[in-house]
Structure formats: C-alpha cells, structure tokens
Amino acid sequence: MSGKDIRVPSVPQGHTTARTKPRPPPPPFLLPLHITLYVCVISNGIAAFLAPIQDCDEIFNFWEPAHYLNHGYGLQTWEYSPVYSIRSWLYISFHSLIGKAASFALAKKSSEFYFIRFFLAMVCAACETKLYSAICRNLNPRIGLFFIMVVAFSPGMFHASAAFLPSSFTMYTSMLGLSAFLDWRKSQKTAQGIMWFGLGAIVGWPFAGALLLPLLLEEVAIGFVSANLRKVSLEILNGGLRCLAILIAEVAVDYVFLGKITVVPWNIVAYNVFGGEGRGPEIFGTEPWTFYIRNLILNFNVWFILAISAGPLVLLQAILRSHTTNNETLLRTLTLISPFYMWFGIFTIQPHKEERFMYPAYPFLALNAAISFHMVLSYISSSNPKELIGRVPAKLKLAAVMSVLLLAINGGLLRTLGMVTAYNAPLKVLEPLGRLEIVHPGDSVCFGKEWYRFPSSFFLPGGLRAKFIRSEFRGLLPGEFLDAPNYSALLESTSRIPEGMNDRNEEDEGKYTDISQCSFLVDSYFPGREATPLEPHYIEDEPQWDVVSCKPFLDASDTSLLGRLIWIPDLPMIPDRLRRRWGHHCLLRRHTTESEAA
C-alpha cells in the first residue's frame, strides 16, 4: 500500500499525533436501550398501580404469607401446612424483605403492597430490556423492536409483569436465561442460562424448567457437530452445580420455616402429576382444550396469531427462499421458536387450565411473534417484479403493515383499559378504613360470596382481620396463621400443622365466622341477580348495614360480549345493547344506634 492511500488527519499545533483507532460500529438498536427501559418501566409501572388481581391464589398463597412475615398475622392456605409443603418460603421471603424495607419509609400497609408490585415491575422491565438487547445484537434489530412492542402493549404482559406469582418470577428468569443462550456466539454462556432457568424452576415453578430443553439440546447438538462436546458438558455441569446450590439454599430456608427437610419443587410435581384419585389440580376445575387459544387471543390478539404461525413461516421461507437461509440459521430459528410451541402444547392437553400457567412462556410468545412479523415484512418488502408481491405499490404495503400494528396496539390498550375500569374496585373499596375513627384493633372485615376478591391484609389497617361468612361456595377456604408477636412465635406457627386443612378442596366448617361478629362486610350488588338465603343483598338491609363506600364493578352477566372484551365509553352515541352494565362492590359497616355508639 502506498503512502498516499493513508489519510493522516490534521493535528492542531501543540498537540501530538495519537494513533488513530477505528470507530466502533453503531449500536444495533432501532430503539436505544435507555428509551427501551423507560418504555418498559412506564408500561409495567402503570400495571403495578392499576392492574386488578386476577387470581385469588396470588392473594392467599403469596400476599398473605408475606404479610404474615412482616406483620405477624395473616391467612394460611393448605399449601403451607408442613404436611403438604408445596409453597416455598424462600420465594415469599424475597418479597417480604422488599416490603419490610419499604415499611420504614411508608405510613400505610397498602403502600407496602404497591411498593412490592412496583419493585416487581422494575425487575420485569430490566429483564425485558436485557432480552431486547440480546435479540438486537444476535438476531435482528427489527425483531427486537417488535418484541418490545409486544411486551409493552399486550394485556397479557400488563397483568403478568407485576404479579406476585411464581409464574411471573419464572417469566423474569426465562427472559434472563434466553438472553444468555442468545449470547452464545459472544462467549459460552450455557452455564449462566441453565442457572437462570434453574432459579425459576426451583424457587418459582418447577414445570418452567421445560422451557430450557430445546435451547440445551441445541447446545449439545452444536457441541457434538463441532467436536466441542467436552466444553459443552463442562458448561452444563457448571450450570447444574449452580442449580444445586440454589436448591440447597431453598431447602435450608424451608427447613427453618417448616421444621423439617423437604424439597418443595418435588412436592409440587408430586401433587400435580402423581396426586392420585381425588387430588391434583383437576379438583379445582377443568377447561376445554380451546381455553388457551381464546385466552391468548384476548391477551395478545394479532401477536398470538403471528406467534403460532412462526413455525410454518420458517419452513415456508426455507423451502421457497432457500438461498436466504442456511442450515445454521434454520436450526437456530427453529430452536428459538420451539419452546413456546412445546409449552403451549403441554398445557393445552392438561385438563386444569389457568391464565397464569402461560406466564413463563410469554417472552417466547413475544419472540415468536416478532420473528414472524419480521419474516412477513422481509417478504412483502421485495421489489422483485418477477414476484407478485413485488408489483404491489409500496404505499399500499405500508398501509397494510401500519394497519396490523395499530390493530395490535390499540386492541391491546382497549382490552387493558377495559379490565382496569371493570375489575379494579376490590383494590379501592377498602380505602376508607384508613380514615374511620371507629376502627379498632380486633375488629373484623367479613367476606362472603366475594371471598376470592379479598385484596389481602395489606389493605386492612389498624389490626383489622379478614373473616369469612357462609356463602354458596363449598370448597376449602383459607385458615389463619397463629398470631406472632416475634420471629420465634412466627417460626413456631409456620412449622405447626394447622387444623382443618386438606388437599382435596373439602369444605371445613371451622373456617367460618358468624356474621354477628362482623364489624364490616364487603359485598357486591348486581341488580339483575337474584338473592339467596346464603347470599342476600346485604346492601339493601339498611337496619343492619350502612354503606361506607361503593365502587362500580362490571356486571359481566348483563354486558354484551364486546363490552366484556374491551373498554367501551359510556356515551349517548353508543347503542344500548353494546353498553357496559354495572353493579357495585361495597364496603358496609354494621349499623349502630346512637346509644350503642355512645
């Protein structure tokens, strides 16, 4: 190379010439990382403060034990009995410590509730940003952008992001595990990926470990083909040892609380898979095979259609455009899209189905949808006149693409807004208790037919206790932990075998309180529903109950399908048949005469 080929930049007088360094390539992000984090923080933060609690398991199995650790009283489910031990105290302790730290700066217990939720939302945002970065750097920046669109604007992620549920926890760890496996080209991160998936499976939900299998099989296959199997085996061993350390830590913590050595992940698997007749998840209800299809269309609309189409699209591209896809890319893509298919298939064939069971696979659904949309755009962007799509005007293509994006985003926002406005009342109706002078320690707030909408003891100030009265429900209600004025008493209570607990959802009469002992009562009223002897319209019993507060609550039985699915404004122009119908979710106080009050 001749000297004239080398350009030497001019240097101002008084400066020495430094060795020039090549400029680093621009970051492969269509949306900068800090902006991505802000988007996720805002989306998940809104969920933390507004999302209704969809599953009573979240309250009784997680919020109540956390409240017990921090405040010395709370409700207890059969899962925490040392006889069954299918819930991890390590998982509860993490969240309890977050709430305890916040309690020193917060005046109200309900603020602890929202602080824990907001903390979870921030963890989720960090995991989403981490996975977005890995997708952009290792797959394609456009795929990463679509991934963020899915997680930021989908109703499913809105509910899952800040939920105090093991399935949400495993969703976080799945994102971190997937990020590690995506970065395998940069450095071998198999051990780190196994650790993250293992953390989710051990501390959260053991079944989520299945999501690791396709990624791990690919690592083994590549190691075998490249004659590098020894290194892969060492990485797997490394990851396995990390998981073993996590399991030992969990067993140790549970031993402290339960007073015996037990392996909670195995207990969960044993009950759900090998429970035997009269036990197992089926006793809590079954759903048809179409349940998750309908549920995921509601929670992800267009994105679910794209996610389920990823496999066929990849194969079509490999067949019709083989020159654009090599074997390595094809294997990598099939590996990345297979966890969602596997998870969806496994849980579709299970008789007992719940929305939260899909949470661990939400990141994989979002990735599948992003890959599908990227492939569709790559095809329709063709300008080759020999192809039919190449002769379609560019403006028409742009209009079609923007229509799909607007449909997905606006459909998700309308669904989210509809859920918040329809079912947020239980988180608001108890607020006046913090302002009532007549509330005294030892008073009780009773729940009848609305027992499963109890928002947790974090919303009961001044030592108020939640109690249950008889209703038409005939299953097993939660009991109560023994009051614990100190940690010694607390550990004694958690290791004690409570009375009236069973794993068959059989009713226990000892869980009920006579309504005469109730100082307050939470009840709902829907004008079109008939009262029963066990579920009367307490709000109409004015001699016995005064209304303290009422919040609107959607009357789903009297509302059209469209009104149940999305938010519809209550405007005169809306046809009456499409309007949403409302009932009331109310806090009642036992009526007292002037002489009784004195």
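Cut-offs used in this document
- Residues numbered from 1 in each chain as written.
- Predicted model: local features only at pLDDT ≥ 70, side-chain atom pairs only at ≥ 80, totals over all residues.
- Heavy atoms only, no water.
- UniProt positions renumbered as here; feature names shortened; annotations may be inferred.
- Pairing = 2+ DSSP bridges.
- Helix = DSSP H or I, 4+ residues; strand = E, 2+ residues; numbered from the N terminus.
- Axes fitted to C-alpha atoms, helices over the stretch in contact; angles between N-to-C directions.
- Contact = heavy atoms within 4.5 Å.
- Buried < 20%, exposed > 50% of the residue type's maximum accessible area, 1.4 Å probe, protein only.
- Domains from an automatic or database assignment.
- Buried area = accessible area lost by both parts, 1.4 Å probe.
- Salt bridge = Lys/Arg side-chain N within 4 Å of Asp/Glu carboxyl O.
- Nonpolar A, V, L, I, M, F, W, Y, C, P; charged D, E, K, R; others polar.
- Phe/Tyr/Trp six-rings, centres within 6.5 Å; stacked < 30°, edge-to-face > 60°.
- Lys NZ or Arg CZ within 6 Å of the ring centre and 35° of its normal.
- Parallel < 35°, antiparallel > 145°, perpendicular 65-115°, else oblique.
- Left-handed = near helix turned anticlockwise from the far one by under 90°.

- You'll find the chain entered in an unreviewed UniProt entry as Mannosyltransferase, with Aspergillus calidoustus given as the organism.
- According to its UniProt record, the chain has this under Subcellular location (unreviewed entry): "Endoplasmic reticulum membrane".
- Turning to the chain, the UniProt annotation filed under Sequence similarities (unreviewed entry) states: "Belongs to the glycosyltransferase 22 family."

### Focus on the sheet that holds strand β7 (residues 582-590)
Part 1: One open sheet accounts for 5 strands, arranged β3-β2-β5-β7-β6; its pairing is mixed. Each edge of the open sheet is held by one strand with a lone partner, namely β3 (465-468) and β6 (545-554). Put simply, the sheet's adjacent strands are angled 25 degrees from each other on average, direction ignored.
Part 2: Across 3 bridges, strand β2 (residues 444-447) lies against strand β5 (residues 520-525) in parallel orientation. Its bridge partner being in β5, V445 is matched across the sheet by F520.
Part 3: Along the sheet, helix α17 (residues 394-423) contacts β6 and β7; its crossing angle with β6, the most-contacted strand, is approximately 165 degrees.

### Comments concerning the pairing of β5
Across a regular strand the side chains alternate sides, sitting on one face of the sheet and then on the other.
Part 1: Taking burial as the measure, the 6 residues of β5 include 6 buried ones, the bulk of the element.
Part 2: Burial along β5 is two-sided: F520, V522 and S524 and L521, D523 and Y525, pointing in opposite directions, are all buried.
Part 3: With 6 bridges joining them, β5 and β7 adopt antiparallel strand pairing. Residue pairing for β7: F520 is matched across the bridge by R589.

### Points about the domain arrangement of the chain
Part 1: Taken domain by domain, the chain comprises domain 1 (166-277), domain 2 (281-424) and domain 3 (431-590).
Part 2: Computed from C-alpha coordinates alone, the two centres of domain 1 and domain 2 are separated by 26 Å.
Part 3: At the interface, 22 residues of domain 1 touch 22 residues of domain 2.
Part 4: Between domain 1 and domain 2, roughly 1900 Å² of surface is buried when both sides are summed, and carbon and sulfur atoms account for 73% of that area.
Part 5: Counting across the interface, domain 1 meets domain 2 through 1 salt bridge.
Part 6: For E218, the salt bridge is made with R332, and the minimal N-O distance between the two is 2.5 Å.
Part 7: Of all the elements in the fold, those that place two or more residues in the side of domain 1 that touches domain 2 are α7 (166-182), α9 (213-225) and α11 (264-274).
Part 8: The element contributing the most residues to the side of domain 1 that touches domain 2 is α7, with 9 residues.
Part 9: Looking at side-chain class alone, the side of domain 1 that touches domain 2 contains 15 nonpolar, 5 polar and 2 charged residues.

### Brief notes about the packing of aromatic side chains
Part 1: Per the counting criterion, the structure on display carries 43 aromatic pairs.
Part 2: Look at F62 and Y91: their rings are 5.8 Å apart centre to centre, the planes differ by 85 degrees, and that puts the pair in the edge-to-face class. Of this pair, F62 sits in helix α2 (residues 56-71) while Y91 sits in helix α3 (residues 89-103); the two residues are 29 residues apart in sequence, bridging distant segments of the chain.
Part 3: Residue Y91 is classed as buried on the basis of its relative accessible area of 2%.
Part 4: Each residue in the set F49, F62, W63, Y91, F113, Y114, F118, F164, F169, F458 and F459 is aromatic and connected to the rest through ring pairs, giving one cluster.
Part 5: Directly above the aromatic system of Y512 lies the positively charged group of R470, at a separation of 4.7 Å from the ring centroid.
Part 6: Against the face of F526 rests R529, its NZ or CZ located 3.9 Å from the ring centre.

### A word on the packing of helix α4 (residues 109-138) against α7
Part 1: One can describe the packing of α4 onto α7 by two numbers: an axis separation of 9 Å at closest approach and a directional angle of 20 degrees. Taken together, the axis directions place α4 and α7 in an arrangement best described as roughly parallel. Crossing handedness for the pair α4 and α7: left-handed. Of the residues in α7, those touching α4 at L120, V123, C124, C127, E128, K130, L131, A134, I135 and N138 are M171, Y172, M175, L176, L178, S179 and L182.
Part 2: For the contact of α4 with α7, the residue count by class is 13 nonpolar, 2 polar and 2 charged.

### Section: the side chain of S93
Part 1: Position of S93 relative to the elements: it lies in helix α3.
Part 2: Not counting residues within four places of it along the chain, the set of residues in contact with S93 comprises L69, V253 and F257.

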